[in-house]
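Architecture at a glance
One letter stands for each residue in the lines below.
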Amino acid sequence: MFGWFKKKDKKEKLPQLLDLNNTPLQEGDIVDALRYELGKCRLLLVDEEYIYESIDTGEQVSWLKMIDASTDNQKVKKAKE
């Protein structure tokens, strides 16, 4: 009826992650974390949520904690391979 009440798609899309230089990030990328003294990290997808796992210590941090407030990008830099 008039299109007022539409069903929402229940499956949420994964966010598009960008580093500080606006380089797109994807699962498996190695990055230099600029927060929490993580050093080099690997971007992982666990239970439909992105996490950063430190290569040195194994510590894991959610992608939500790595958001830069001024740009909405991730507070990481993609490592050169």
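Being a predicted model, the structure only gives us computed values, none of them experimental.

1. Description of the sheet that holds strand β5 (residues 49-54)
Reading across the sheet, the 5 strands line up as β6-β5-β4-β3-β7 and stay open at both edges, with antiparallel pairing between neighbours. In this open sheet, the two edge strands, each paired with only one partner strand, are β6 (60-62) and β7 (76-78). Strand after strand, the sheet turns through a mean of 40° between neighbouring axes, direction not considered. Both β5 and β6 contribute to a ladder of 3 bridges, which runs antiparallel. Residue pairing across strands places Tyr52 opposite Val61, the latter belonging to β6.

2. A short note on the pattern of salt bridges
All told, the structure shown has 3 salt bridges when counted by the stated rule. For Asp32, the salt bridge is made with Lys40, and the minimal N-O distance between the two is 3.1 Å. With relative accessibility at 29%, the residue Asp32 sits in the partly exposed group. A salt bridge links Lys75 to Asp68; the nearest nitrogen and oxygen atoms lie 3.6 Å apart. In this structure Asp68 comes out as buried when scored by relative accessible area, which is 10%.

3. Some thoughts on the pairing of β5
In this sheet, β5 lies alongside strand β4 (residues 40-46) in antiparallel orientation, the contact comprising 6 bridges. If you follow Cys41 over to β5, its bridge partner there is Ser54. Between β5 and β6, which pair antiparallel in sequence order, lie 5 residues; one of them, Gly58, sits at a positive phi of approximately 80°.

4. Some points on unusual backbone geometry
Phi angles above zero are rare outside glycine, and Asn22 is one such case at about 65°. Tracing the sequence through the fold places Asn22 in the loop between β1 (17-18) and β2 (24-25). Positive phi is not limited to glycine here, since Glu48 has a value of about 60°. Mapped onto the secondary structure, Glu48 falls in the loop between β4 and β5. Take Glu48: its relative accessible area is 61%, and that puts it in the exposed class.

Reading guide: rules and limits
- Residues numbered from 1 in each chain as written.
- Predicted model: local features only at pLDDT ≥ 70, side-chain atom pairs only at ≥ 80, totals over all residues.
- Heavy atoms only, no water.
- Pairing = 2+ DSSP bridges.
- Helix = DSSP H or I, 4+ residues; strand = E, 2+ residues; numbered from the N terminus.
- Axes fitted to C-alpha atoms, helices over the stretch in contact; angles between N-to-C directions.
- Salt bridge = Lys/Arg side-chain N within 4 Å of Asp/Glu carboxyl O.
- Buried < 20%, exposed > 50% of the residue type's maximum accessible area, 1.4 Å probe, protein only.

Everything listed here is a matter of geometry and, on its own, says nothing about what the molecule does.
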